[in-house]
Amino acid sequence: MNAVPLHRTPLCDWHAAHGGRMVDFAGWNMPVQYRGIVDEHTTVRNVAGLFDISHMGRLWFDGPDACRFLDHLLTNDVSKLKVGQIRYSLVTNEQGGILDDVLVYRWPDRYALVVNASNREKIVDWIDRRRPGFDAVCEDRTFDTTMIALQGPRALEWMQPHVSVELAAMKYYTGLPDATRRETYVSRTGYTGEDGCELIGPAGEIVPLWEQLLNEHGAEGLRACGLGCRDTLRLEAAMPLYGHELSESIDPFTAGLDFAVKLEKPDFVGRAALTAVRERNDLRRRVGIEIAGKRIAREGTPLFAGDREIGVVTSGTQSPTLDKSIAMAYVDAAFAEPGTRIEADFRGKRLPAAVVPLPFYRRR
């Protein structure tokens, strides 16, 4: 049987030509690293890193019922979005399980969703099945647009000369058209714990900008970065990752994402189930864990309090910024208080650990 060819971003050839170690990520040929994950992680924390995130799904919504349709699909309140605002939201099934975590954008001419690469086909199908009764059109623009992110302390300074909007004046979680480029949008969200911005637009507008930024600021420390350090950065910032902290068997309240669920708005898919879940006090909680020593607690590592198994690790790493072994985990509610002493079980060997507040890292 022939293997299915991997999807390629417009920057795929650039990555391969510049030392990117390419891997299959959710069906896309993506760079996991260039010089090394720790080096790239440190670059983002101290200077700035440039990420190709074109594998993320990009869906455009138009039509008279676009807002009402999105409110039917999402847990957050789309009707309250003003032009230029972006909100984190969730797509839930009828049982309240998370199908995906997404960003919803209100641009002057349309609405948009950015969805996880691993869930794009599932979410597009979910949208198609839910659309009858709404005068709305959803267009999958993933393959004819490019998306990049510039993240780090110097990101806004270096991007500003190349865009029409005043980046310093843009609030976090806002996005606007870039008048200097055709059909291009600038936003400020991020997934690293650092300041920065993203651009979405045609490859002909974005790829030359990618190369220009690196040519202009490479001598000052700007580097292209892969998905490996993106994962360690988001973990330090305690940002959940679908397939680890989030899944169809996990509800938003267990995941600590209450802020993205507006039960007071009109009915949406999963609302009845989530209303019942909110009243429960026996749910596990997503928490931060620090483990003694250097050993990394990988996904699935059991957590114990005495002889009682009280939770499981969902993501773990040796934090380059903090020089500690850190992890996110779900634990029983009685053991979720910061300062609680527990143990991580590494194939029968127990190491001391403690519940700590999230996030692990917060930029100054």
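Below or above, wherever it landed, is the structure these notes cover. (Residues numbered from 1 in each chain as written. Predicted model: local features only at pLDDT ≥ 70, side-chain atom pairs only at ≥ 80, totals over all residues. Heavy atoms only, no water.)

**Overview of the packing of helix α3 (residues 66–73) against helix α4 (residues 120–130)**
Here's step 1: Here α3 crosses α4 at 115 degrees, and the two axes come no closer than 11 Å. When you trace α3 past α4, the crossing you get is right-handed. Taking contact as the criterion, the partners of Phe69, His72 and Leu73 in α3 are, on α4, Trp126, Ile127 and Arg130. (Axes fitted to C-alpha atoms, helices over the stretch in contact; angles between N-to-C directions. Helix = DSSP H or I, 4+ residues; strand = E, 2+ residues; numbered from the N terminus. Left-handed = near helix turned anticlockwise from the far one by under 90°. Contact = heavy atoms within 4.5 Å.)

**Points about the environment of Ile326**
Here's step 1: Looking at the element boundaries, Ile326 is found in strand β17 (residues 324–331).
Here's step 2: The exposure class assigned to Ile326 is buried, which follows from its relative accessible area of 0%.
Here's step 3: Between the C-alpha atoms of Ile326 and Ala354, which are 28 residues apart in sequence, the distance is 9.9 Å.
Here's step 4: Not counting residues up to four positions away in its chain, the partners in contact with Ile326 are Leu235, Glu236, Ile289, Glu290, Ile291, Ser315, Gly316, Thr317, Ser319 and Phe360. (Buried < 20%, exposed > 50% of the residue type's maximum accessible area, 1.4 Å probe, protein only.)

**What about the packing of aromatic side chains?**
Here's step 1: Within this structure, the stated rule accounts for eleven aromatic pairs.
Here's step 2: Ring geometry for Trp14 versus Trp210: centroids 5.4 Å apart, planes at 80 degrees, classification edge-to-face. Within this pair, whereas Trp14 is found in helix α1 (residues 12–17), its partner Trp210 is found in helix α6 (residues 203–217), the two being separated by 196 residues in sequence. No difference in accessibility class separates Trp14 from Trp210, as the two residues are buried.
Here's step 3: Ring pairing ties together the aromatic residues Trp60, Tyr105, Trp107 and Tyr185, which thus form one cluster.
Here's step 4: Cation over ring: Arg230 sits above Phe51, and NZ or CZ is 5.2 Å from the ring centre.
Here's step 5: Between Arg350 and the ring centre of Phe304, over which it is positioned, the NZ or CZ distance is 3.9 Å. (Phe/Tyr/Trp six-rings, centres within 6.5 Å; stacked < 30°, edge-to-face > 60°. Lys NZ or Arg CZ within 6 Å of the ring centre and 35° of its normal.)

**Some thoughts on the sheet that holds strand β7 (residues 111–115)**
Pairing between the strands of a sheet comes from backbone hydrogen bonds, and it takes one of two forms, parallel or antiparallel.
Here's step 1: Spatially, the five strands line up as an open sheet ordered β5-β6-β7-β4-β8, and their pairing is antiparallel. Lying at the two open borders of the sheet, with one neighbouring strand each, are β5 (86–92) and β8 (137–140). The average angle at which neighbouring strand axes cross in this sheet is 30 degrees, direction not considered.
Here's step 2: One ladder, built from four bridges, connects strand β4 (residues 57–62) with β8; its direction is antiparallel. From the neighbouring strand, Leu59 faces β8, where its bridge partner is Asp140. (Pairing = 2+ DSSP bridges.)

**Considering the pairing of strand β9 (residues 146–151)**
Here's step 1: The buried count for β9 comes to six of six residues, which makes it a mostly enclosed element.
Here's step 2: Going residue by residue along β9, you find Thr146, Ile148 and Leu150 tucked away on one face and Met147, Ala149 and Gln151 tucked away on the opposite face as well.
Here's step 3: Pairing between strand β3 (residues 49–52) and β9: four bridges, direction antiparallel. Its bridge partner being in β9, Phe51 is matched across the sheet by Ala149.

**Some words on helix α7 (residues 227–236)**
Here's step 1: Most of α7 sits out of view: nine of its ten residues are buried.
Here's step 2: Among the residues making up α7, those that are buried are Leu227, Gly228, Cys229, Arg230, Thr232, Leu233, Arg234, Leu235 and Glu236.
Here's step 3: Ala238 sits one or two residues past α7 and shows a positive phi near 60 degrees.

**Quick notes on the side chain of Thr184**
Here's step 1: Structurally, Thr184 is set in the loop between β10 (174–177) and β11 (185–188).
Here's step 2: A distance of 3.0 Å separates a polar side-chain atom of Thr184 from the backbone oxygen of Arg182. (Polar contact = N/O pair within 3.5 Å; in protein donor to acceptor, adjacent residues only side chain to side chain.)

**Focus: the nonpolar core**
Here's step 1: Core analysis: the biggest nonpolar cluster contains 36 residues, and Phe51, Tyr88 and Tyr105 have the highest contact counts within it.
Here's step 2: Among the elements of the structure, β5, β6 (98–106), β7, β9, α7 and α8 (271–278) are those that each provide at least two residues to this core.
Here's step 3: In this structure Tyr105 touches Gln85, Ile86, Arg110, Tyr111, Ala112, Val114, Met147 and Ser187, once residues within four positions along its chain are discounted.
Here's step 4: If you look at the next biggest cluster of nonpolar residues, it comprises 27 residues, including Trp14, Leu167, Ile206 and Leu209. (Core = buried A, V, L, I, M, F, W, Y, C linked by side-chain atoms within 4.5 Å.)

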